[in-house]
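These are the residues of each chain, in order.
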Amino acid sequence: MKRMLSGIKPTGRVTLGNYIGAIKPFVSYQDEYEMFIFIANLHSMTIYQKPADLRKNTKDLIALYIAAGLDPEKVTLFLQSDVLEHAQLGWYLGCMVSMGELSRMTQYKDKKAKNEVIGAGIFNYPSLMNADILMYDPDFVPVGEDQKQHVELCRDIAERFNSRYSETFKIPEPLVTKVGGRIMDLQNPTKKMSKSDELGKGTIYILDDINISKKKIKSAVTDSDGHIHYDPENKPGISNLLEIYSILANRPIEDLEKQYDGKGYGEFKNDLAEVLGEELEKIQNRYHEIMSGSYLDDILEEGAKKARIIARKKLAKVERKIGITIKK
Ligand code: TYM
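Residues numbered from 1 in each chain as written. Predicted model: local features only at pLDDT ≥ 70, side-chain atom pairs only at ≥ 80, totals over all residues. Heavy atoms only, no water.

A closer look at the nonpolar core
Membership of the largest hydrophobic core comes to 57 residues, with the highest contact counts inside it found for Leu-16, Tyr-19, Tyr-65, Leu-77 and Ile-244. With nine residues, the single largest contributor to this core is helix α12 (residues 265–292). Beyond its immediate stretch of four places on either side in the chain, Tyr-19 contacts Lys-24, Pro-25, Ala-68, Ile-206, Leu-248, Glu-279 and Ile-283. Of all hydrophobic cores here, the second largest spans 37 residues; its members include Leu-89, Val-141, Cys-154 and Ala-158. (Core = buried A, V, L, I, M, F, W, Y, C linked by side-chain atoms within 4.5 Å. Buried < 20%, exposed > 50% of the residue type's maximum accessible area, 1.4 Å probe, protein only. Helix = DSSP H or I, 4+ residues; strand = E, 2+ residues; numbered from the N terminus. Contact = heavy atoms within 4.5 Å.)

Structure follows, in structure tokens:
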């Protein structure tokens, strides 16, 4: 069975972008792959988090993974901070990446361009991510488009390590879904939908009031030509809505184009709002059931136990190869 690994940061509220670009694909892969899915809470520390918010967001995210359909019996679910080996391998790998490589990462460049004071963690973020991935030798890393560059850097570092110290890490492939890999902001469809949308109008949050989310779909920015057609370059708003519709309804975009040929944007948006509402209701009901139970801790403990077995072995192998341990 081929292996997959991915993670999400518990920062802010989970968005429809996270759901469509990552969580929903994870669920669809769980029967076919051996999966390791974690909460990237060490990565969340690169930006200050109020402790109470971090705790709540972490719990919410794990409950959401399960509410969305991830089955803890099939998937190893764990907290990154519970497997100490990630930070240690992250240090070794951080010593193998150049400042130039890290400076070229878009996520870092975007933060830097905003001229805010940024912590060193943001800069070295990819080294920890490389450790998260390489620790488990996954064949594939399912991520949204914005994380592809990080996985590509990870491949380079794995190759560098293997050629310097002999074959140690599998070279992972990023896996970005063709449709839904980059869900755009509903008010500004040339920009990625993100957790940090200031007014919150362009971002749908999975656990938000469903009526508010439906309204956001109905007031999404489109264009004036009135034709429902997929053309991301010239019709970014409608194309984004078509991608969302296609994923949520599990129907090809061409099918939707045919169904709405000659129909207005209003009708299309109303139907999409209904489809979204149904999906969110299912997830939210499950989420509330899960949050009222007390088995999340057990799931995380089980997951960490399984992850640690692999991580310890891998770290020991790395440490033998690089000569940091005196035992051969
Ligand atoms: P994070 O928490 O920013 O995002 C989690 C996942 O959601 C995807 N995503 C989107 N997909 C489509 N459209 C959008 N608008 C959208 N916004 C976010 C992201 O691409 C991602 O797949 N660095 C990672 C977490 C991480 C990780 C890893 C991932 C840490 N270590 C190892 C994979 C493997 C991150 O910040 O994701």
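Topic: the packing of helix α7 (residues 120–134) against helix α8 (residues 148–165)
Relative to each other, α7 and α8 sit at 70°, their axes nearing to 9 Å. Here α7 is positioned roughly perpendicular relative to α8, judged by the angle of their axes. Residues Tyr-125, Pro-126, Met-129, Asn-130, Ile-133 and Leu-134 of α7 form the contact with α8, whose participating residues are His-150, Val-151, Leu-153, Cys-154, Ile-157 and Ala-158. Per-class residue counts for the contact of α7 with α8 are 10 nonpolar, two polar and no charged. (Axes fitted to C-alpha atoms, helices over the stretch in contact; angles between N-to-C directions. Parallel < 35°, antiparallel > 145°, perpendicular 65-115°, else oblique. Nonpolar A, V, L, I, M, F, W, Y, C, P; charged D, E, K, R; others polar.)

What about the packing of aromatic side chains?
Inspection of the entire model under this criterion finds 12 aromatic pairs. Pairing Tyr-108 with Phe-123 gives two aromatic rings, centres 4.9 Å apart and planes at 65°, and the pair type is edge-to-face. With Tyr-108 in helix α6 (residues 106–113) and Phe-123 in helix α7, this pair connects stretches of sequence that are 15 residues apart. Taken together through their ring pairs, the aromatic side chains of Phe-36, Phe-38, Phe-78 and Tyr-136 make up a single cluster. A cation sits over an aromatic face here: Arg-13 above Tyr-205, 3.8 Å from the ring centre. (Phe/Tyr/Trp six-rings, centres within 6.5 Å; stacked < 30°, edge-to-face > 60°. Lys NZ or Arg CZ within 6 Å of the ring centre and 35° of its normal.)

Let's talk about the site of the ligand
Around the ligand there are 28 residues in total, and Lys-9, Tyr-125, Asp-132, Asp-146 and Ile-183 lie nearest to it. Here a nitrogen atom of the ligand sits 3.0 Å away from a polar atom, N or O, in the side chain of Gln-147. Burial of the ligand by the protein chains amounts to 97% of its free accessible area of 720 Å². Taken together, the elements giving at least two residues each to the shell around the ligand come down to β1 (3–8), α1 (16–29) and α7. (Near = heavy atom within 4 Å. Polar contact = N/O pair within 3.5 Å; in protein donor to acceptor, adjacent residues only side chain to side chain. Areas by Shrake-Rupley, 256 points an atom, 1.4 Å probe, with all protein chains shown as cover.)

Side note on the UniProt feature "short sequence motif: 'HIGH' region" (unreviewed entry) in the protein chain
The feature "short sequence motif: 'HIGH' region" (unreviewed entry), as given by UniProt, occupies residues 10–18 in the numbering adopted here. Across residues 10–18 one finds 33% helix and 0% strand; the C-alpha atoms that close the span lie 11 Å apart. (UniProt positions renumbered as here; feature names shortened; annotations may be inferred.)

Some points on helix α4 (residues 85–94)
Among the residues of α4, those classed as buried are Glu-85, His-86, Leu-89, Gly-90, Tyr-92 and Leu-93. On an axial view of α4, the arc spanned by its buried residues comes to 165°, and they lie on one face. Residues of α4 that are buried in the fold lie against β3 (75–79), α7, α8 and α13 (296–322). (Arc of directions from axis to C-beta.)

Quick word on a negative patch on the surface
Judged by side-chain charge, Glu-145, Glu-152, Asp-156 and Glu-159 come together as a negatively charged surface patch. Tracing the sequence through the fold places Asp-156 in helix α8. (Patch = residues over 30% accessible without salt bridge, like charges linked within 9 Å, V, L, I, M, F, W, Y side chains within 5 Å. Salt bridge = Lys/Arg side-chain N within 4 Å of Asp/Glu carboxyl O. Lys, Arg positive; Asp, Glu negative; His and termini not counted. Charge placed at Lys NZ, Arg CZ, Asp CG, Glu CD.)

A look at the side chain of Glu-257
With respect to the helices and strands, the residue Glu-257 is situated in helix α11 (residues 253–259). Those residues within four positions of Glu-257 in sequence are excluded, and the remaining contacts are Ile-228, His-229, Tyr-230 and Leu-242.

Some details on the side chain of Glu-279
Within the secondary structure, Glu-279 sits in helix α12. Among the residues examined, Glu-279 registers a relative accessible area of 9% and is labelled buried. Within the local environment of Glu-279, its side chain forms a polar contact with the side chain of Lys-24, the two groups lying 3.0 Å apart. Glu-279 has contacts with Tyr-19, Lys-24 and Leu-248, leaving out every residue within four places of it along the chain.

Describing the environment of Leu-272
On the secondary structure map, Leu-272 appears in helix α12. For the pair Leu-272 and Tyr-205, spaced 67 residues apart in the sequence, the C-alpha separation amounts to 16 Å. With residues near it in sequence (within four places) discarded, Leu-272 still touches Ile-217, Leu-241, Ile-244 and Tyr-245.

Considerations on the pairing of β1
Buried residues dominate β1, accounting for five of its six residues. Alignment of β1 against strand β2 (residues 34–39), held across six bridges, turns out to be parallel. Residue pairing for β2: Gly-7 is matched across the bridge by Phe-38. What joins β1 to β2 is α1, and the crossover it makes is right-handed. (Pairing = 2+ DSSP bridges. Right-handed = clockwise from strand over helix to strand, strands pointing away.)

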